[in-house]
Amino acid sequence: MTAATVEFLHRRLQALAPTRLEIVDDSHRHAGHAGAKEGGHYTLTIVAAAFSGQTTIARHRLVHTTVGDLRANGIHALSIRALAPEEV
């Protein structure tokens, strides 16, 4: 299911027109963790013009809004690094 979850994230995040998008499945690092039963753990690095002039909180909200319901799609934890192109 983790490959399907990574593909799901990739498809959804295309709406932000990223110039860079990296999704790493870190689920194996959380084996045995109580929350691991509810879904996987993922690290996201995304660079998009949509983040220009936005605060970190606003960027994270935009990612969460774009992705939708994380738990319903097999995601327990999502670590986000969201950057504007001028920050790279």
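Residues numbered from 1 in each chain as written. Predicted model: local features only at pLDDT ≥ 70, side-chain atom pairs only at ≥ 80, totals over all residues. Heavy atoms only, no water.

Engineer: Requested: an account of the sheet that holds strand 2 (residues 40–47), with residues and values cited.
Structural biologist: Reading across from one edge, 1-2-3 is the order of the three strands in this open sheet, with mixed pairing throughout. Each end of this open sheet is capped by a strand with a single partner; those strands are strand 1 (20–25) and strand 3 (75–83). Neighbour-to-neighbour, the strand axes of the sheet open up by a mean angle of 15°, direction not taken into account. As judged from the six bridges shared by strand 1 and strand 2, these two strands associate in the antiparallel manner. Note that in strand 2 the partner of Ile 23 across the bridge is Leu 44. Here helix 1 (residues 2–13) sits on the sheet and contacts strand 1, strand 2 and strand 3; the angle it forms with strand 1, its principal contact strand, is near 160°. Against the sheet, helix 2 (residues 56–67) engages strand 2 and strand 3, with an angle of about 130° to strand 3. (Pairing = 2+ DSSP bridges. Helix = DSSP H or I, 4+ residues; strand = E, 2+ residues; numbered from the N terminus. Axes fitted to C-alpha atoms, helices over the stretch in contact; angles between N-to-C directions. Contact = heavy atoms within 4.5 Å.)

Engineer: So, the pairing of strand 3: which residues are in play, and what are the values?
Structural biologist: Both faces of the sheet carry side chains from a regular strand, because those side chains alternate between them. As paired strands, strand 2 and strand 3 are joined by eight bridges and run parallel to one another. Note that in strand 3 the partner of Ile 46 across the bridge is Ala 82. Note on the crossover from strand 2 through helix 2 to strand 3: the handedness is right-handed. (Right-handed = clockwise from strand over helix to strand, strands pointing away.)

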